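# Observations on the three-dimensional arrangement
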Amino acid sequence: MKILDCTLRDGSYAINFQFSKNQTSKICYDLESCKVPFIEIGHGVGLGASQNGYGKAMESDETYMIAANEVLSTSKWGMFSIPGISKSDDYLKASDYNMQFIRIGIDPNNFDQSKKFITLAKKLNFYTCVNFMKSYNINPKKFSEFALEAHKLGGDVVYIVDSAGSMLPDQISKYINEIKNKSDKIKIGFHGHDNLGLATANSLKAFEMGADIVDAS
């Protein structure tokens, strides 16, 4: 199992997206020193959010990219993207700054609209995570069908996302079991929130069930 740290992205909600370039560089450097393999940066809502009315971050997307790219040599850095808020040009710009991974936040009800973004991400050689936001709104069996389709499109990791922090460890088991029953080739990630104080328990359950990446912050 690998850890992806999203303090600099999802954690930015807590400070109204006001991480500075220097803070981004310092935290990236410290996380790499701790051998964290994946570090997510940028606006909490993702690429393109500042210019599309989702709260203005202290720095531009490009500045966050530069901050990470300047200090990281072994850890991979990447950003979040919600199709519609992010545009194709945002992906091309990120590629110019040597971004290594992207996490595409998808509403399963609009999955068809997101397919072209998965295809573009793979074309740009991004390690591509498909994050099904509010995963609990889909039953585990149906979720596994979405997971398989995302995998066939080229998604490197399919994420179970507990957006409201409302899931329980036994639910995590059911979702992962259904995915594994669908295909043992699908890599699985888990992103927990702590509204019920269960993010750590759920993350440990995901680890026990064989998840490939678990988020930390």
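Report follows, based on the coordinates. Remember, predicted model here, so these are calculated numbers, not experimental data.

Parameters at a glance
Residues numbered from 1 in each chain as written. Predicted model: local features only at pLDDT ≥ 70, side-chain atom pairs only at ≥ 80, totals over all residues. Heavy atoms only, no water. Helix = DSSP H or I, 4+ residues; strand = E, 2+ residues; numbered from the N terminus. Rg over C-alpha atoms; globule rule 2.2 N^0.38 Å. Buried < 20%, exposed > 50% of the residue type's maximum accessible area, 1.4 Å probe, protein only. Contact = heavy atoms within 4.5 Å. Areas by Shrake-Rupley, 256 points an atom, 1.4 Å probe, with all protein chains shown as cover. Lys, Arg positive; Asp, Glu negative; His and termini not counted. Charge placed at Lys NZ, Arg CZ, Asp CG, Glu CD. Axes fitted to C-alpha atoms, helices over the stretch in contact; angles between N-to-C directions. Parallel < 35°, antiparallel > 145°, perpendicular 65-115°, else oblique. Left-handed = near helix turned anticlockwise from the far one by under 90°. Nonpolar A, V, L, I, M, F, W, Y, C, P; charged D, E, K, R; others polar. Core = buried A, V, L, I, M, F, W, Y, C linked by side-chain atoms within 4.5 Å. Pairing = 2+ DSSP bridges. Right-handed = clockwise from strand over helix to strand, strands pointing away. Expected span 1.5 Å × (residues − 1). Polar contact = N/O pair within 3.5 Å; in protein donor to acceptor, adjacent residues only side chain to side chain.

### Observations concerning the overall build of the protein chain
- Looking only at helices and strands, the protein chain has seven helices and eight strands in total.
- Rg of the C-alpha trace for the protein chain: 16 Å, near the compact-globule value of 17 Å for 217 residues, within the 12% margin.
- Considering only C-alpha atoms, the protein chain reaches an extent of 45 × 35 × 30 Å along its principal axes.
- A burial count over the protein chain gives 50% of its 217 residues as buried.
- For the protein chain, the share of sequence-separated contacts (at least 6 apart) that also reach a separation of at least 24 residues comes to 75%.
- Counting every atom, the protein chain has about 9,900 Å² of accessible surface; 50% of that belongs to carbon and sulfur.
- Across the protein chain, the centroid of the 24 positively charged side chains sits 5 Å from that of the 25 negatively charged ones.

### So, the packing of helix α6 (residues 169-182) against helix α7 (residues 199-208)
- Direction vectors running N to C along α6 and α7 enclose 30 degrees, while the axes themselves pass 9 Å from each other. Accordingly, the angle class assigned to the pair α6 and α7 is roughly parallel. The way α6 lies across α7 gives a crossing that is right-handed. Facing Pro169, Ile172, Ser173 and Ile176 of α6, the residues of α7 in contact are Ala201, Asn202, Lys205 and Ala206.
- Tallied by class, residues from the contact of α6 with α7 come to five nonpolar, two polar and one charged.

### Considerations on the nonpolar core
- In this structure, Ile41, Tyr91, Phe132, Phe143 and Ile160 are the most contacted members of the largest nonpolar core, which totals 55 residues.
- One finds Phe38, Tyr159, Val161 and Ile213 within the second-largest nonpolar core, a separate group that totals nine residues.

### Section: the pairing of strand β3 (residues 76-81)
- Taking burial as the measure, the six residues of β3 include five buried ones, the bulk of the element.
- As defined by bridge partners, strand β2 (residues 38-40) adjoins β3 across three bridges and the pair is classed as parallel. By the bridge assignment, Ile39 is partnered in β3 with Trp77.
- Following the backbone out of β2, through helix α2 (residues 61-71) and into the adjacent parallel β3, one traces a crossover that is right-handed.
- Of the strand pairs in this sheet, β3 and strand β4 (residues 101-106) are connected by four bridges, and their pairing is parallel.

### What to know about the environment of Glu178
- As for its position among the elements, Glu178 is in helix α6.
- Spatially, the C-alpha atom of Glu178 lies 34 Å from that of Asp90, the residues being 88 residues apart in sequence.
- Apart from residues no more than four positions distant in its own chain, Glu178 is found in contact with Pro140, Lys141 and Ser144.

### Looking at helix α5 (residues 140-153)
- Over its 14 residues, α5 extends 20 Å from the first C-alpha to the last, a length consistent with the 20 Å expected when each residue adds 1.5 Å.
- Of the residues making up α5, those classed as buried are Pro140, Phe143, Ser144, Phe146, Ala147, Leu148 and Ala150.
- Looking at the buried positions of α5, the neighbouring elements they touch are α4 (111-123), β5 (127-132), β6 (157-161) and α6.
- For α5, the side-chain oxygen to backbone nitrogen distance between the N-cap and Lys141 is 3.1 Å, and the N-cap itself is Asn139.
- Positive backbone phi, approximately 115 degrees, marks Gly154, located one or two places after α5.

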